[in-house]
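Given next are the chains, with one letter for each unit.
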Amino acid sequence: MSRPLRILAAAAALVAAFALWLAWPDLLEPAEIETTPLDLSPERIAEGEYLARAGNCVGCHTAPGGALFAGGRSIRTPFGDVYSTNLTPDPETGIGNWTTADFWRALHHGRSKDGRRLYPAFPYPSYTYVTREDADAIFAYLMSLPPVASPRVEPALRFPYDSRFALQVWRALYFRPAAFEPDAEKDETWNRGAYLVEGLGHCKACHSPRGRLGGIDPDAAYSGGKLPGGGWEAPPLNPSGTMTDAEAAELARLLSTGISKHTAVSGPMAEVVFTSLQHLSEDDIDAIVAYVRTLPAAPSAPSSRRPFSPERYRDVLAAGATIYRERCADCHGRNGEGSPYVYPPLAGNRLVTAPEPTNLIRNVMLGGFPPSTQGNPRPHGMPPFAHQLGAADAAAVLTYIRTSWGNAAPPVTAADVERR
Ligand code: HEC
Ligand code: HEC
Ligand code: HEC
């Protein structure tokens, strides 16, 4: 071969290798997926309803004020907004014409009925672990819903993320269809928990840091993540890597009722508990906890904040103590001891002492209610303080609670408060 030909051949080989890599996740899809018979018995539908709750499908696939499962809710990503689709059996705009195979293809391979690659705002990198059996049950449940006409809304992504090519690159980098492999060394409860957390629960999607392209480094999974759009941090799921039996029991209580002796869920997690976790059986919640307590410790993030010197902050702390006494102590106790299952203690509270005060500022400025659940039907609320406290006063009381009663977290500044 002449030299130019050799260069050409090498270039062609490179292009071919790249194309192969790019198409890899698609090539792992069988040429034909088997269509299983659709079983619409009441038992099967009930089973599917339960699994759909475990996956919180309704949370994303229902627009605010819209019909259940009719889609159209905007899902924020760092690259723009993607809209959930209509999962009701409407033949024109929903999945009324779909087979169990089409549905499996979406959940397991991340591709729509027409072959379109789906955006991972739909957490199929987690749902790929769901078994065919369970996917078929969810499909049966969805087919039993009243059909609602609700057309697809096109995603509004920024250039270059709006291209099909970008999505293909993302999939090649971060997505492989996979099956859940039980660990023979572990018991049934742990394996059930692993299946739920890694699969339907898609806890990883929120509780992990993401790289610039939105991928999750498997080694950093569950070590905490920032939700797109700003405002909330999903904390590490097992920060110290150890959990006592008593802590595990409180975690189970938190997940099923929204409140524990130590804390209450808020923001996006309150929604997860409300629409999903509170409906799970005690056994499944215990299984989730059994798995979560074995997750590795989160690497402790070196704090970029300056060490706290009480001397420098004497005036701030005095002001914060006064505000605390007047506005917070009635509920949270003079010494931040709280009241079990009603008002969270602020002493020794992980949300209060988190390195980044994001959730703390949100909780205090916006207030809120834990979700109303069967285990906690009439939760007490936390008043919003955004209209009562200026940034300096809010920073003072937050700094006070972060450094009192044994808490030792870096101070919060007025600028931190204003930024949220
Ligand atoms: C975090 C939000 C979120 C959750 C939770 C979620 N979805 Fe979705 N889903 C989406 C988005 C967004 C899309 C659209 C993706 C796109 O357009 O590429 C989608 C698309 C789909 C599609 C493809 C529809 C089509 O017309 O191609 C199916 C099927 C689907 N979801 C089923 C489910 C099921 C079943 C569950 C629960 C197990 C679920 N989704 C949970 C956000 C979500
Ligand atoms: C009327 C009673 C009440 C008052 C007054 C009140 N809180 Fe709360 N607070 C609650 C309740 C109830 C919750 C749990 C609800 C939730 O997290 O949405 C809560 C939650 C919190 C949390 C989140 C704790 C966690 O683990 O989830 C923080 C932090 C907090 N309050 C700080 C304050 C501060 C600071 C003040 C005063 C500026 C204050 N609260 C005043 C009732 C109160
Ligand atoms: C939509 C994103 C999202 C999903 C999905 C999600 N979480 Fe969360 N989670 C959050 C956010 C944000 C917080 C912080 C707010 C709070 O403390 O309530 C949180 C808080 C928590 C907390 C409280 C941590 C603490 O230290 O106080 C636990 C425990 C938790 N999540 C467990 C789970 C489990 C288990 C799953 C999967 C079944 C899950 N989460 C799925 C967003 C999510």
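Structure's up top.
Every chain is numbered independently, its residues counted from 1 as its sequence is written. Each chain gets a letter, beginning with A, and each ligand a number, beginning with 1, in the order they are written. Owing to the predicted nature of the model, reporting of local features is limited to residues with pLDDT of at least 70; listing and counting of side-chain atom pairs is limited to 80 or more, with chain, interface and lining totals taken over all residues. The basis for every side-chain value is the complete set of heavy atoms in the structure, and neither hydrogens nor water enter the calculation.

### Section: the coordination of the iron atom of ligand 2
Then, in step 1: With distances of 2.0 to 2.1 Å, the protein atoms coordinating the iron atom of ligand 2 are His-332 (NE2) and Met-382 (SD).
Then, in step 2: Atoms are scored as donors when they are N, O or S and lie within 2.8 Å of the metal, with 3.2 Å used for Na, K and Ca; no water is included, so coordination may look incomplete. Metal sites are grouped by the angles between bound donors: all angles between 85 and 135 degrees with four donors is tetrahedral, opposite donors over 155 degrees apart with the others between 65 and 115 is square planar for four donors and octahedral for six, and any other pattern is irregular. Every donor counted, the six donor atoms about the iron atom of ligand 2 form angles of 88 to 179 degrees at the centre, which fits octahedral coordination. A residue pair is termed long-range when its members are at least 10 positions apart, and His-332 in helix α14 (residues 329-332) and Met-382 in the loop between α16 (358-366) and α17 (391-403) qualify at 50 residues.
Then, in step 3: You can call His-332 buried: its relative accessible area is 11%.
Then, in step 4: In this structure Met-382 comes out as partly exposed when scored by relative accessible area, which is 25%. Only DSSP runs of H or I covering at least 4 residues are called helices, and only runs of E covering at least 2 are called strands; the numbering of each starts at the N terminus. Each residue is assigned to one of three classes by its accessible area relative to the maximum for its type, calculated with a 1.4 Å probe on protein chains only: buried under 20%, partly exposed between the two thresholds, exposed over 50%.

### Some thoughts on the sheet that holds strand β1 (residues 74-77)
Then, in step 1: Pairing between strands requires that DSSP locate at least two bridges from one strand to the other. Strand order in the open sheet made by the three strands is β1-β2-β3, with antiparallel pairing throughout. Of all strands in the sheet, those with a lone pairing partner are β1 and β3 (156-157), marking the two edges.
Then, in step 2: The pairing of strand β2 (residues 80-83) with β3 spans two bridges and is antiparallel. Note on β3: the bridge partner recorded for Gly-80 is Leu-157.

### Brief notes about the site of ligand 2
Then, in step 1: Only heavy atoms are used to decide nearness, and a residue is near a molecule or strand if one of them lies within 4 Å of it. Around ligand 2, the structure places 24 residues, and the nearest of them are Thr-263, Cys-328, Cys-331, His-332 and Met-382.
Then, in step 2: Think of a polar contact as two N or O atoms within 3.5 Å of one another; within protein, one of them needs to be a possible hydrogen donor and the other a possible acceptor, and neighboring residues in sequence only count if both atoms come from side chains. One of the backbone N or O atoms of Ala-264 is found 3.1 Å from an oxygen atom in ligand 2.
Then, in step 3: The backbone of Gly-368 places a nitrogen or oxygen atom 3.4 Å from an oxygen atom of ligand 2.
Then, in step 4: Elements represented by at least two residues in the shell around ligand 2 include exactly α14, α15 (350-353) and α16.
Then, in step 5: Here the shell around ligand 2 gets three residues from one element, more than from any other, and that element is α16.

### Observations regarding the packing of α16 against α17
Then, in step 1: Only the stretch in contact is used when fitting a helix axis, every axis being a line fitted to C-alpha atoms; angles between N-to-C directions are given from 0 to 180 degrees. As a packed pair, α16 and α17 sit with axes 11 Å apart at the nearest point and diverge in direction by 125 degrees. As far as their axial angle goes, α17 and α16 are oblique. The handedness of the crossing between α16 and α17 comes out as right-handed. Contacts between α16 and α17 involve Leu-360, Ile-361, Val-364 and Met-365 from the first element and Ala-394, Leu-398, Ile-401 and Arg-402 from the second.
Then, in step 2: The residue classification treats Ala, Val, Leu, Ile, Met, Phe, Trp, Tyr, Cys and Pro as nonpolar and Asp, Glu, Lys and Arg as charged. All others, Gly included, are polar. Here the residues of the contact of α16 with α17 sort into seven nonpolar, no polar and one charged. Note on terminology: angles under 35 degrees are roughly parallel, angles over 145 are roughly antiparallel, angles of 65 to 115 are roughly perpendicular, and the others are oblique. If you view the pair so one helix is near and one far, a crossing is left-handed when the near helix is turned anticlockwise from the far one by less than a right angle, and right-handed when it is turned clockwise. Throughout, a residue-residue contact means that at least one pair of heavy atoms, one from each residue, lies within 4.5 Å.

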